[in-house]
Amino acid sequence: MSTPVRSTSQSPDVSAAGKRYNLLDVPAIRAFVRSRWYPGIFQWAAMVVFSVIVYELAAGTMNPSRNFGTSLTWVLWWPAIPVIFLVLGRFWCAVCPFGKISDIVRKLVGSERPMPAFLKKYGIWLIDLFFILITWSDHIWGIVESPRGSGYLLLLLTTMVVGTSVFYERRTFCKTLCFLGGLAGNYSRSGMLELRGTPDICKTCKTQSCYKGNEKAEGCPMFEFPRTMESSADCNLCGNCVKTCPNNSIRISPRKPTAELWGIKKPKAEHAFLAAVIMGIVFVQNITMLEIWDRILTGISKVTQTTNYNVNFTVAFVLSMMLPIAMLWVTARLTAGSKSAEKVRENFVRFGYAIIPLDLAGHLAHNLFHAFTEGKAIWFNTVSLFGYQLSGDLSLASAGTVQWLQYLVVVLGTVGSAYTVYRIGQRASWRKLLPYYVLMAVLAVINLYLFSLPMMHRV
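No experiment lies behind these values; they were computed from the predicted model shown.

1. What about the side chain of Ser417?
Then step 1. On the secondary structure map, Ser417 appears in helix H20 (residues 399-424).
Then step 2. Note on Ser417: relative accessible area 0%, which makes it buried.

Written out as structure tokens, the structure is:
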């Protein structure tokens, strides 16, 4: 069984660029994005909240259910992140406190050295590694359940931001080291908003102000060139290119969810790898909150011959990540229909992007549980900052309601992934793409089964 897997000449969105609705055609939006208030007003608001969060994590109560920093970070922000990436692309990265800290440090003491060649080449792999390590360390040291642990993590990341900003240009940390970067890049490819240059206008431009910057704003902090940019993976929607472009070439347009995934010209193994890994991490995040987790640990301990939690969890963690990778590789092997390692790898990389909608759905569905069953903690802990003490049931909805919402989200993600398979496969017959449809269905069933089991609270 063989499926043609060709690189398309351009993504569906690029070919229709001239017909796309441009939000910047709305005078109020255009004026706001070009003003000094954007994205500064959001950045400074985020900085204020971030400062309060770090203080509360470092100096507030050790009870996670009563700590403002814990509830705002893990009950509100973390569940909201996939929604933001889906609806607004990487807009969060434009207002992220770490990015603003980087801008301030570079302005004051930055040396603006070029990004090291090592980071240029392996930055995405480092991001993948850091994301895996932070997720692993959460279960080993209980970062989420520990206000101090969460605080130390934020301070460690802040130190890394300051260090890279002192020595290197633009947002080197955000581009090559931020643990959220890979997640943001993958999810934003499914997003409903894109920023692009207009090719016919850009080809006559001699200034390249969008990349280099001018007196109105600095160049793209993420090293992107709108004239040739074909992906939203690294675009923060910071608006610098809108401010600096002398020809009004930049557009910000709505688009169909997952559309970018259909025609990626240069698919990369690190992106496909991360897509599969995220699915495995969603599995393990769910499993560790279920009653069956103790039985799984007992089974692993019989193999490892130790009751050490760190060892047994690490085994479960690695197996959970390896499972989707192995499933994707077997599916690529079946679909390639040959023994050519190059063909199998090509299928693995290209169709790996089809897992991203299901990743996003699994991430969101998992965190819906926390948002809706622990949501009142946000309000209780916010008013406590002003001296008011409230207590009571933390849930905003019943467990049954949350479960049905989780099922709905997973089904929508499955439809998105299945349709992405269809489009990546050049609309090939369902028989040729059957192994990938089966893979998406199996991943969906695993998610649905895990969400059908009772979950424990986190904070």
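Now that the structure has been shown, the text picks up again.
2. Focus on the pairing of strand S1 (residues 193-196)
Then step 1. The two faces of S1 match: Leu193 and Leu195 on one face and Glu194 and Arg196 on the other face are all buried.
Then step 2. The pairing of S1 with strand S4 (residues 251-254) spans four bridges and is antiparallel. Directly across from Glu194, in S4, lies its bridge partner Ser253.

3. Details of the layout of surface pockets
Once rolled over the atoms, a probe with the size of a water molecule shows which space is left empty.
Then step 1. As a volume, the largest pocket reaches approximately 900 Å³.
Then step 2. Residue lining of the largest pocket: 38 residues in total, with Arg189, Glu224, Asp234, Lys268 and His271 positioned closest to the centre.
Then step 3. When contributions to the lining of the largest pocket are tallied by element, the ones reaching two or more residues are helix H7 (117-141), helix H9 (172-176), helix H10 (179-189) and helix H14 (269-287).
Then step 4. Grouping the constituent residues of the lining of the largest pocket by class yields 13 nonpolar, 11 polar and 14 charged.
Then step 5. Reported here for the second largest pocket is a volume of approximately 690 Å³.

4. Observations regarding empty space enclosed by the protein
Then step 1. One pass over the full model with this rule turns up four cavities of 30 Å³ or more.
Then step 2. As a volume, the largest cavity reaches approximately 320 Å³.
Then step 3. Only helix H4 (68-88), H7, H10, H14 and helix H18 (356-373) provide two or more residues apiece to the lining of the largest cavity.
Then step 4. Grouping the constituent residues of the lining of the largest cavity by class yields 14 nonpolar, five polar and two charged.

5. Quick notes on the packing of aromatic side chains
Then step 1. Evaluated as defined, the whole model comprises 24 aromatic pairs.
Then step 2. On the numbers, 5.5 Å between centres and 70 degrees between planes, the contact of Phe32 with Tyr38 is edge-to-face.
Then step 3. Since its relative accessible area comes to 31%, Phe32 is described here as partly exposed.
Then step 4. According to the relative accessible area criterion, Tyr38 is buried, its value standing at 10%.

6. Observations concerning the confidence of the model for the protein
Then step 1. Looking at the protein as a whole, its pLDDT mean stands at 89, while 95% of the residues score no less than 70.
Then step 2. Highest mean pLDDT in the protein belongs to helix H2 (residues 27-34) (96); lowest belongs to helix H1 (residues 12-15) (42).
Then step 3. Overall, residues 1-18 carries pLDDT values under 50, and its contacts beyond four positions in sequence, including any with other chains, amount to 43 contacts.

Cut-offs used in this document
Residues numbered from 1 in each chain as written. Predicted model: local features only at pLDDT ≥ 70, side-chain atom pairs only at ≥ 80, totals over all residues. Heavy atoms only, no water. Helix = DSSP H or I, 4+ residues; strand = E, 2+ residues; numbered from the N terminus. Buried < 20%, exposed > 50% of the residue type's maximum accessible area, 1.4 Å probe, protein only. Pairing = 2+ DSSP bridges. 1 Å grid on protein atoms, 1.4 Å probe; cavity = no way out; pocket = protein on both sides within 12 Å on 5 of 7 lines; lining within 4 Å. Points joined across faces, edges and corners; volume = space filled by probe spheres on them. Nonpolar A, V, L, I, M, F, W, Y, C, P; charged D, E, K, R; others polar. Phe/Tyr/Trp six-rings, centres within 6.5 Å; stacked < 30°, edge-to-face > 60°. pLDDT = per-residue confidence, 0-100. Contact = heavy atoms within 4.5 Å.

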